[in-house]
Amino acid sequence: MEEIGKSYKRIDALEKVLGQTKFLDDLPDENFLHAAPVYSGIPFGQILSIDFSKAKSYPDFVDFISAKDISGENQVGVIIEDQPLFADKIVRFVGDVIGLIVAKSPQNARDIAKLVEIKIEELSPYFTIDESRNATEIFLHDSNLACEHQVIRGDIETGFTDADLIIEETFKTSVAEHYYLEPQGCIAFPKTDKMKLLGSLQCPFYIQKAVSRVLGIPLENVEVEQSPTGGAFGGKEDVPSELCARVAVAAQKLGKPVKMVYSRKEDVQLTSKRHPFQMRYKVGVSKSGKLLAAEILLEENAGAYATLSSVVSYRAAMQAMGPYKIPNVKVRSKSYYTNLPPNGAFRGFGSPQATFGHERIMDILAKKLGIDPVEFRMKNMLEVGDETMTGQKLTSSVGAKETLQNASERINNNIIQNNNNSHYLEGIGIASCHYGNCLGAAGWHLDGAGVNIKIRKNGKISVAFGLVEMGQGAETVVAQMTAQALGVTTEIIEILPTSTIHVPDSGPSVASRNVVMTGNAIRNAAEELLPILKKVSAEILNCDQENIEIKNCFAKNLKSERKITFSEIAGYLHLNGMKTQSNGWWHVPELDYDSETGTGDAYFTYSYATQIVKVRVDRLTGIVKVEKIWAAHDIGKAINPAGLQAQVEGGTAQGIGWALTENFKYEHGKAVTQNLSTYLIPTAQNTAKVETILVEDSEPLGPWGAKGIGEPAIIPTAAAIANAVSNATGIEFNEIPMTPENVLEKIES
Ligand code: MOS
């Protein structure tokens, strides 16, 4: 039986639905001290004084931890060094942390934190991209430009001269909060000159680096273990580094374990969000519908610190014109600092935003040309042998057209007939995208990952991997891939918690990279173990190794049909002091990329997708209901089709929320949206019926041909919904969220 391609229930599901999984805040309190952050409360200003004398007199007060307590460097910038761990001179957003109050209970810590008096001389803040870009003095950092990327290929002037039609449009996408169900938190355990951290997190190795730097102790003296993590979606990529480092400073100073778990309100105020984008697209086409040139400006609101803006800006630039052939492009992608919480990683890293831009303009162009939107996309879509917008020659696994073909076939019997007497308008919208798997040329140096596989004496196999389970089903596919690689069944695989002591630095758990990276590392580890298993089986079965087949937990002599169990082999290995474990490693192959022009191999391979949605717009209320989504995804090979479908259902649901109802609001830099009473994430009622369509265009470098699905699942959804609402109403919707109020306003004007 093949383990790859078989639908498995998540191996961690039962424990979770029974409520037995111990998330960080479920762990018994072993006399931990508790910390609570003291925020600036002011969006921009200079710190004049910090006075905690009132806090000190509170009975439960233990300590006030601030910049002066840092033994190493007061710096936690991930890519750009612009972010102090504790603000000591300037505050740049209301959630800038000045210090921590440590007390004997979490509630007391929060109450005492309110007693710290901070005097700040306010500066005038910037909240929008326009305000930030147009500033002439007093910048957030050296300048207000956090980072920028570009793609310059061909000659847009010639392209536009040759064009029969040129369209220019602007688009806007909104901020989004991840709203993982488990808020961020960690516990720091000091041990003489070492520090151990346990936390709800996505990237243990980032935390290891941040803590080592801030505490001024060697990297090897910091151990980071992930506790079961209740959702992350990118929100636990960079933020846990600051959270853990702050708590670690307190634990180092006090010599006792310190715990901090954010309340929902703190989590919303302090943590990263999806970057809002404003985009200008100018695209030229021939009469027959061939894309000739594009000039694109993407502007992103980075918030107070750059954190992962550079990754978002890079990815958005590389993918700005989508999965299409276009010979002449000029893309500039710029990220501006503002006095809002830092925006960071959120499922897709700028791709959902860029896809909103290219898929809206594709629809507008098709309409103006009088060409069917499916046909127009098909004419320009990438296939093997073509070059991407960055000039990367694609040599394999380009299932883009097949996703479009397969999804569009499904709508044929869904003809829309809008009737003037009804207040409902129906519409269909299409969006296609490509998604560069893993970190790409800009993050290539970090793009390796490892596993450690151990054959146990009891006949089970344990796997430690360097990426993490954060709700996406990683443990299940890792177990399946290990089972397939070693000829056993998924049931006998045990997954260990991810910890920096089990595996070497495997980079971040992001960019839909788990299946590809971990899968290849597993195959690499198995290459070392398989010959040993064969040799031992041949010894026990008394035959030649060539005649041994290992499958489904049995080794069989193909000649005599005699079998032994995998447990017997495992027992034999241990009894005879043989090798029972192996480490596997995989690194993304070198990419030929020119960072000056942004051209060449931006990523080693791409996942492709087309989602088609059917919506119903109520023209009396402005309410948009997404009735159905056909989601066709080229993922090379589905390791766990059930898990893949769950990813698509989750991703499209998140896309529906971003497109229609999630309307995050700030007032003077402070989040007025604080919880689910006003932040409307979709409930079961607002999600759509989703039909997932698999396209398996095998990727030679992917394990068993597989590519990533985590992020592609959300990327085209909002664009497809906007195209559908535009189709239903005949009005162009170029901005999200399309809340009932916003939709009604456009219909009425
Ligand atoms: Mo995610 S945006 O890959 O952390």
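What you are looking at is a predicted structure, and each value in this text was computed from that prediction instead of being measured. (Residues numbered from 1 in each chain as written. Predicted model: local features only at pLDDT ≥ 70, side-chain atom pairs only at ≥ 80, totals over all residues. Heavy atoms only, no water.)

## Re the environment of Leu467
Part 1 of the reasoning: With respect to the helices, strands and loops of the structure, Leu467 is situated in the loop between β18 (461–465) and α13 (474–486).
Part 2 of the reasoning: In sequence terms Leu467 and Val626 are 159 residues apart; their C-alpha atoms lie 34 Å from each other.
Part 3 of the reasoning: Excluding residues that lie within four positions of it along the chain, Leu467 makes contacts with Thr498, Ser506, Gly507, Pro508, Ser509, Arg513, Asn514, Met517 and Thr518. (Helix = DSSP H or I, 4+ residues; strand = E, 2+ residues; numbered from the N terminus. Contact = heavy atoms within 4.5 Å.)

## Remarks on empty space enclosed by the protein
Part 1 of the reasoning: This model, assessed by the stated rule, comprises two cavities of 30 Å³ or more.
Part 2 of the reasoning: Quantified by volume, the largest cavity comes out at close to 50 Å³.
Part 3 of the reasoning: Every residue lining the largest cavity is listed: Gln83, Phe93, Gly95, Asp96, Val97, Glu242, Arg246, Tyr262 and Leu270.
Part 4 of the reasoning: Here the lining of the largest cavity is built from residues that sort into four nonpolar, two polar and three charged.
Part 5 of the reasoning: Its residues assigned to classes, the lining of the second largest cavity shows two nonpolar, three polar and two charged. (1 Å grid on protein atoms, 1.4 Å probe; cavity = no way out; pocket = protein on both sides within 12 Å on 5 of 7 lines; lining within 4 Å. Points joined across faces, edges and corners; volume = space filled by probe spheres on them. Nonpolar A, V, L, I, M, F, W, Y, C, P; charged D, E, K, R; others polar.)

## Some details on the domain arrangement of the protein chain
Part 1 of the reasoning: Each domain of the protein chain was delimited in the assignment, giving domain 1 (31–123 + 184–261), domain 2 (277–441 + 594–748) and domain 3 (448–587).
Part 2 of the reasoning: Each of domain 1 and domain 3 has a C-alpha centre, and these two points are 39 Å apart.
Part 3 of the reasoning: Contact residues are listed per partner, giving 17 residues for domain 1 and 18 residues for domain 3.
Part 4 of the reasoning: Counting each side, the surface lost to burial between domain 1 and domain 3 is near 1,300 Å², with a carbon and sulfur contribution of 59%.
Part 5 of the reasoning: Our enumeration of links across domain 1 and domain 3 arrives at one salt bridge. (Domains from an automatic or database assignment. Buried area = accessible area lost by both parts, 1.4 Å probe. Salt bridge = Lys/Arg side-chain N within 4 Å of Asp/Glu carboxyl O.)

## Some remarks on a nonpolar patch on the surface
Part 1 of the reasoning: A cluster of nonpolar side chains, contributed by Leu14, Val17 and Leu18, occupies part of the molecular surface with about 340 Å² of accessible area.
Part 2 of the reasoning: With a relative accessible area of 52%, Leu18 lands in the exposed category. (Patch = residues over 30% accessible without salt bridge, like charges linked within 9 Å, V, L, I, M, F, W, Y side chains within 5 Å. Areas by Shrake-Rupley, 256 points an atom, 1.4 Å probe, with all protein chains shown as cover. Buried < 20%, exposed > 50% of the residue type's maximum accessible area, 1.4 Å probe, protein only.)

## Quick look at the layout of surface pockets
Part 1 of the reasoning: In this model, the second largest pocket occupies a volume close to 1,000 Å³.
Part 2 of the reasoning: Lining the second largest pocket are 40 residues, with Ser174, Asn663, Phe664, Ile736 and Pro737 sitting closest to its centre.
Part 3 of the reasoning: Mapped onto the lining of the second largest pocket, the elements with two or more residues apiece are α4 (129–133), β13 (277–285), β27 (624–634), α16 (641–661) and α18 (740–748).
Part 4 of the reasoning: Residues of the lining of the second largest pocket, tallied by class, amount to 19 nonpolar, 15 polar and six charged.

## So, the pairing of strand β1 (residues 33–39)
Part 1 of the reasoning: Extensive coverage of β1 is indicated by the burial of six of its seven residues.
Part 2 of the reasoning: Judged from the six bridges that link them, β1 and strand β5 (residues 97–103) form a sheet pairing that is antiparallel. Within the sheet, the bridge partner assigned to Ala36 lies in β5 and is Ile101. (Pairing = 2+ DSSP bridges.)

## Overview of the packing of aromatic side chains
Part 1 of the reasoning: Summed over all chains, the structure comprises 15 aromatic pairs.
Part 2 of the reasoning: Judged by centre distance (5.8 Å) and plane angle (55°), the rings of Tyr314 and Tyr603 are tilted. Within this pair, whereas Tyr314 is found in helix α9 (residues 309–318), its partner Tyr603 is found in the loop between β25 (599–600) and β26 (606–618), the two being separated by 289 residues in sequence. For the residue pair Tyr314 and Tyr603, the accessibility class agrees, reading buried in each case.
Part 3 of the reasoning: Geometrically, the ring pair formed by Tyr603 and Tyr606 is edge-to-face, given 6.0 Å between the ring centres and 80° between the ring planes. When sorted by exposure, Tyr603 lands in the same class as Tyr606, which is buried.
Part 4 of the reasoning: Linked through ring pairs, Tyr314, Tyr593, Tyr603, Tyr606 and Tyr608 together constitute an aromatic cluster.
Part 5 of the reasoning: Positioned over the ring face of Phe160 is Lys282, at 4.4 Å from the centre of the ring.
Part 6 of the reasoning: Positioned over the ring face of Phe554 is Lys563, at 4.6 Å from the centre of the ring. (Phe/Tyr/Trp six-rings, centres within 6.5 Å; stacked < 30°, edge-to-face > 60°. Lys NZ or Arg CZ within 6 Å of the ring centre and 35° of its normal.)

## Some remarks on the packing of helix α10 (residues 351–369) against helix α11 (residues 373–380)
When two helices pack together, their arrangement is captured by the angle between the axes and the distance separating the axes.
Part 1 of the reasoning: Interhelical geometry of α10 versus α11 gives an angle of 110° and a closest axis separation of 9 Å. Considering the angle they form, α10 stands roughly perpendicular to α11. In this structure, α10 meets α11 at a crossing whose hand is right-handed. Contacts from Glu359, Met362, Asp363, Leu365, Ala366 and Leu369 in α10 reach Pro373, Phe376, Arg377 and Asn380 in α11.
Part 2 of the reasoning: Considering only residue class, the contact of α10 with α11 consists of six nonpolar, one polar and three charged. (Axes fitted to C-alpha atoms, helices over the stretch in contact; angles between N-to-C directions. Parallel < 35°, antiparallel > 145°, perpendicular 65-115°, else oblique. Left-handed = near helix turned anticlockwise from the far one by under 90°.)

## With respect to the side chain of Asn452
Part 1 of the reasoning: As for its position among the elements, Asn452 is in strand β17 (residues 448–455).
Part 2 of the reasoning: Excluding its chain neighbours within four sequence positions, the residues that come into contact with Asn452 are Ser462, Val463, Ala464, His502, Val503, Gln581, Ser582 and Asn583.

## Observations regarding unusual backbone geometry
Part 1 of the reasoning: Residue Pro737 is reached from Ile736 by a cis peptide bond, and omega for that bond is 10°.
Part 2 of the reasoning: Position of Pro737 relative to the elements: it lies in the loop between α17 (717–729) and α18.
Part 3 of the reasoning: A positive phi angle is found at Ser397, which is not glycine, with a value near 50°.
Part 4 of the reasoning: Of note, Ser397 is situated in the loop between α11 and α12 (400–410).
Part 5 of the reasoning: Backbone geometry at Trp704 places phi at a positive 55°, although glycine is not the residue there.

## Some details on the side chain of Thr610
Part 1 of the reasoning: Position of Thr610 among the secondary structure elements: in strand β26.
Part 2 of the reasoning: In this structure the side chain of Thr610 is engaged in a polar contact, spanning 2.8 Å, whose partner is the side chain of Thr403.
Part 3 of the reasoning: Discounting chain neighbours no more than four positions away, the residues touching Thr610 are Ala400, Thr403, Leu404, Ala407, Ile430, Ala431, Ser432, Trp630, Ala631 and Ala632. (Polar contact = N/O pair within 3.5 Å; in protein donor to acceptor, adjacent residues only side chain to side chain.)

## Some words on the sheet that holds strand β19 (residues 493–495)
Part 1 of the reasoning: Taken in spatial order, the four strands of this open sheet run β19-β18-β17-β23, and their pairing is mixed. The sheet is open, and its two edges are formed by β19 and β23 (581–587), each paired on a single side. Across the sheet, the mean angle separating the axes of adjacent strands is 25° when strand polarity is ignored.
Part 2 of the reasoning: Where β17 meets β18, five bridges bridge the pair, whose relative direction is antiparallel. Directly across from Ile455, in β18, lies its bridge partner Ile461.

## Digging into the pattern of salt bridges
Part 1 of the reasoning: Across all of its chains, the model carries 37 salt bridges by this definition.
Part 2 of the reasoning: Two residues, Lys16 and Asp12, come together in a salt bridge whose shortest N-O distance is 2.9 Å.
Part 3 of the reasoning: Judged by relative accessible area, Lys16 falls into the partly exposed class, the value being 28%.
Part 4 of the reasoning: As a salt-bridge pair, Asp447 and Arg513 come within 2.9 Å of each other at their nearest N and O atoms. Of the two residues, Asp447 sits in the loop between β16 (424–436) and β17 while Arg513 sits in the loop between β19 and α14 (514–541), which places them 66 residues apart along the sequence.

## Brief notes about the environment of Leu165
Part 1 of the reasoning: By secondary structure assignment, the location of Leu165 is in strand β8 (residues 165–172).
Part 2 of the reasoning: As for Leu165 and Leu369, which are separated by 204 residues in sequence, their C-alpha atoms are 8.0 Å apart.
Part 3 of the reasoning: If near-sequence neighbours (up to four positions away) are discounted, Leu165 is found in contact with Val283, Gly284, Val285, Leu365, Lys368 and Leu369.

## As for the packing of α10 against α17
Part 1 of the reasoning: Packing of α10 against α17 brings their axes to within 8 Å, and their N-to-C directions diverge by 30°. The angle between α10 and α17 falls in the class roughly parallel. Classified by chirality, the crossing of α17 by α10 is right-handed. Touching Thr355, Phe356, Glu359, Arg360 and Asp363 of α10 are Ala718, Ala719, Ala722, Asn723 and Ser726, all from α17.
Part 2 of the reasoning: Per-class residue counts for the contact of α10 with α17 are four nonpolar, three polar and three charged.

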